[in-house]
Amino acid sequence: MLTAVRDRDAYANLALPSILRRHGLRDRDAALATELGYGTLRAQGLLDAVIDACTDRALSKIEHPLLDALRLGAYQILRTRVPDHAAVDTCVELVRGDHGSRSAGFVNAVLRRIGEHDEAGWLDRLAPDPAEDPVGDAALRHAHPRWIAQAFADALGDTGDELQAALAADDTRPQVHLLARPGEITADELALATGGEEAPYSPYGVHLEAGGGDVGELEPVTEGLAVVQDEGSQLVAAALAKAELLGEDTGRWLDLCAGPGGKAVLLGGLVAAEGGSLDAVESSEHRAELVRRATADLPVTVTVADGRDSGLPEGGFDRVLVDAPCTGLGALRRRPEARWRRRPEDTAELTRLQRELLVAGLRLVRPGGVVAYVTCSPHLAETVGVVSRIVGRPGRPGPAGEVEQLDARTALPDDVPGLGDGPTVQLWPHRHGTDAMFLALIRKPLD
Ligand SMILES: C[S@@+](CC[C@H](N)C(=O)[O-])C[C@H]1O[C@@H](n2cnc3c(N)ncnc32)[C@H](O)[C@@H]1O
């Protein structure tokens, strides 16, 4: 898995099933392999800092397969209960088989030095003084790139305990969340059928224990009654459905960035219950096909188009979801390798597209209708930065003309805590147990 991610830019969660199958790993072996692979990818920055402290060779000069073996060994020594000698022996033998005795000797020496301290001991030695550099300290402790730790700190307005809590929660393997499809099954029925628990906030959500086997094989999932979907995604999509409209409903809703179709399934189910319909736009043909399959039994029409120029009728929709492409910094806990693959410069390119899609959404919504702008990122440039440029200020409207920002907190269930002062909503793993989803609700005034 480490090789596939490094060499082919593979996504670990997509590469994993075929790797497990190829090596005939099942049950506990599969669980251990998953834990070692995901854990090593997630902790890469911390592991590299420790490896770097244990060798005179620059990391960039270590052959890639040896670095993979060192990371895998370091992860086991620092973050698992695998005995050190077992971790060292297996990694050394792995390297000896493919790369000979000299390389094996090098890996052996470095891993033995790593084993001289536990994780806390290495952090004492390597982390910056939190009084001088709290963000650097939190980043290393919870194995996040510094720029991402800084983005979290900026969004939280905190560099102390709350930043530590946010990064710690983001560094923990999350529970699987299911969406009970409206009209198909209720959350309590789904919880009973899967042995899960009803979600604390989403009326459609069920939480399953992490590492509890293949979710795709659960009966309600194979029967199409439920799909995997983070509770935060459920909350923001349901908020659009609940937001207060002005004027007369037409029963036409739009999902402008719909692939692979998670929120379209929820919105499609909700609009169907009202006798309405959902249009779903997606620029990638492959992802549009995933939306078609996910919504096949719903009144959903899928169009492959650029959402900025979709050809759909302007002013034609009551409710529009702009679930914009983003850095995904809010869902890092579900994608082990993503935090080390993303670059700070990715944001600049995305924010332009996000603004243009939001402007398009506001063109497509009817007067009195509502647009939900959503990202699975808490990065301020992608969230309030985008919204403030478009919404403008009273008397100084943005590029979409006069619009009204609604208090998005009022469209969430009453019992969701920690939502701040509004009008936008930022969910967090450490506060809500959800991905860090962002939501703004914007209403077009009546003519
Ligand atoms: C955050 S994802 C949407 C997730 C989806 N709403 C769900 O809940 O499953 C963003 C999607 O926007 C698509 N996209 C990117 N640029 C686009 C554009 N210009 N117009 C429409 N869709 C676009 C991407 O291919 C991606 O599928």
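Residues numbered from 1 in each chain as written. Predicted model: local features only at pLDDT ≥ 70, side-chain atom pairs only at ≥ 80, totals over all residues. Heavy atoms only, no water.

## Describing the pattern of salt bridges
- In the structure shown here, the tally under the stated rule is 32 salt bridges.
- Linking Arg 79 and Glu 119 is a salt bridge whose minimum nitrogen-to-oxygen distance equals 3.1 Å. Residue Arg 79 is found in helix α5 (residues 64-79), and its partner Glu 119 is found in helix α7 (residues 119-126); the two are separated by 40 residues along the sequence.
- In this structure Arg 79 comes out as partly exposed when scored by relative accessible area, which is 25%.
- Here Glu 119 falls in the buried class, since its relative accessible area comes to 19%.
- A salt bridge links Arg 293 to Glu 289; the nearest nitrogen and oxygen atoms lie 3.6 Å apart. Of this pair, Arg 293 and Glu 289 are both found in helix α15 (residues 285-294), four residues apart, which corresponds to roughly one turn of the helix.
- Since its relative accessible area comes to 29%, Glu 289 is described here as partly exposed. (Salt bridge = Lys/Arg side-chain N within 4 Å of Asp/Glu carboxyl O. Helix = DSSP H or I, 4+ residues; strand = E, 2+ residues; numbered from the N terminus. Buried < 20%, exposed > 50% of the residue type's maximum accessible area, 1.4 Å probe, protein only.)

## Quick word on the environment of Ser 103
- Counting through the fold element by element, Ser 103 comes out in helix α6 (residues 84-114).
- Here Ser 103 falls in the buried class, since its relative accessible area comes to 13%.
- Considering only alpha carbons, one finds Ser 103 and Leu 66, 37 residues apart in sequence, at a separation of 7.4 Å.
- When neighbours within four sequence positions are excluded, Ser 103 is seen to be in contact with Leu 66 and Val 95. (Contact = heavy atoms within 4.5 Å.)

## Side note on the nonpolar core
- Ile 51, Leu 70, Val 107, Leu 111 and Ile 114 are the most contacted members of the largest nonpolar core, which totals 47 residues.
- Breaking this core down by element, the ones donating at least two residues are α1 (2-8), α2 (12-22), α3 (27-42), α4 (44-53), α5, α6 and α7.
- In terms of residues, this core owes the most to one element, α6, which gives eleven residues.
- When residues no more than four places from it in sequence are discounted, the contact partners of Ile 51 are Leu 59, Leu 67, Leu 70, Arg 71, Ala 74, Val 110 and Ile 114.
- One finds Leu 278, Leu 298, Val 300 and Val 302 within the second-largest nonpolar core, a separate group that totals 42 residues. (Core = buried A, V, L, I, M, F, W, Y, C linked by side-chain atoms within 4.5 Å.)

## Some details on the sheet that holds strand β1 (residues 176-180)
- Pairing in this open sheet of four strands is antiparallel, and the strands run β2-β3-β1-β4 from one edge to the other. The outermost strands of the open sheet, each flanked by one partner alone, are β2 (197-198) and β4 (226-228).
- In the sheet, β1 pairs with β4 via three bridges, with the strands oriented antiparallel. When the sheet's bridge partners are listed, Leu 179 is paired in β4 with Val 227.
- Where helix α11 (residues 187-194) meets the sheet, it contacts β1, β2, β3 (205-208) and β4, and its direction lies at approximately 20° from that of β3. (Pairing = 2+ DSSP bridges. Axes fitted to C-alpha atoms, helices over the stretch in contact; angles between N-to-C directions.)

## Details of the packing of aromatic side chains
- Here the structure, examined in full by the defined rule, presents two aromatic pairs.
- An angle of 65° between the planes, with centres 5.5 Å apart, marks the rings of Phe 152 and Trp 428 as edge-to-face. Residue Phe 152 is found in helix α9 (residues 146-156), and its partner Trp 428 is found in the loop between β13 (425-426) and α19 (429-432); the two are separated by 276 residues along the sequence. As far as the burial class goes, Phe 152 and Trp 428 line up, both buried.
- The interplanar angle of 70° and the centroid separation of 6.3 Å between the aromatic rings of Tyr 373 and Phe 438 together place this pair among those described as edge-to-face. One end of the pair, Tyr 373, is in strand β9 (residues 365-375); the other, Phe 438, is in strand β14 (residues 438-443), and 65 residues separate them in sequence.
- Residue Phe 438 is classed as buried on the basis of its relative accessible area, which comes to 2%.
- Note that Arg 57 overlies the ring of Phe 106, its terminal NZ or CZ placed 3.9 Å from the centroid.
- Sitting over the face of the ring of Tyr 11, Arg 341 holds its NZ or CZ atom 5.9 Å from the ring centroid. (Phe/Tyr/Trp six-rings, centres within 6.5 Å; stacked < 30°, edge-to-face > 60°. Lys NZ or Arg CZ within 6 Å of the ring centre and 35° of its normal.)

## So, the packing of helix α8 (residues 134-141) against α9
- One way to put it is that α8 packs onto α9 with a least axis distance of 9 Å and a crossing angle of 115°. Of the two possible hands of crossing, α8 and α9 adopt the one that is right-handed. Two secondary-structure elements touch here, α8 through Val 135, Gly 136 and Ala 139 and α9 through Arg 146, Ala 149, Gln 150 and Ala 153.
- Among the residues forming the contact of α8 with α9, the class breakdown is four nonpolar, two polar and one charged. (Left-handed = near helix turned anticlockwise from the far one by under 90°. Nonpolar A, V, L, I, M, F, W, Y, C, P; charged D, E, K, R; others polar.)

## Looking at the domain arrangement of the protein chain
- Partitioning the protein chain into structural domains gives domain 1 (2-120), domain 2 (135-172), domain 3 (176-228) and domain 4 (235-443).
- Distance between the C-alpha centres of domain 1 and domain 2: 25 Å.
- In this complex, domain 1 contributes six residues to the contact, which on the side of domain 2 involves four residues.
- Buried area between domain 1 and domain 2, summed over both chains or domains, comes out near 440 Å², and the portion from carbon and sulfur atoms is 50%.
- The largest share of the area that domain 1 buries against domain 2 comes from Arg 42, Leu 46 and Arg 79, three residues that together contribute 81% of it. (Domains from an automatic or database assignment. Buried area = accessible area lost by both parts, 1.4 Å probe.)

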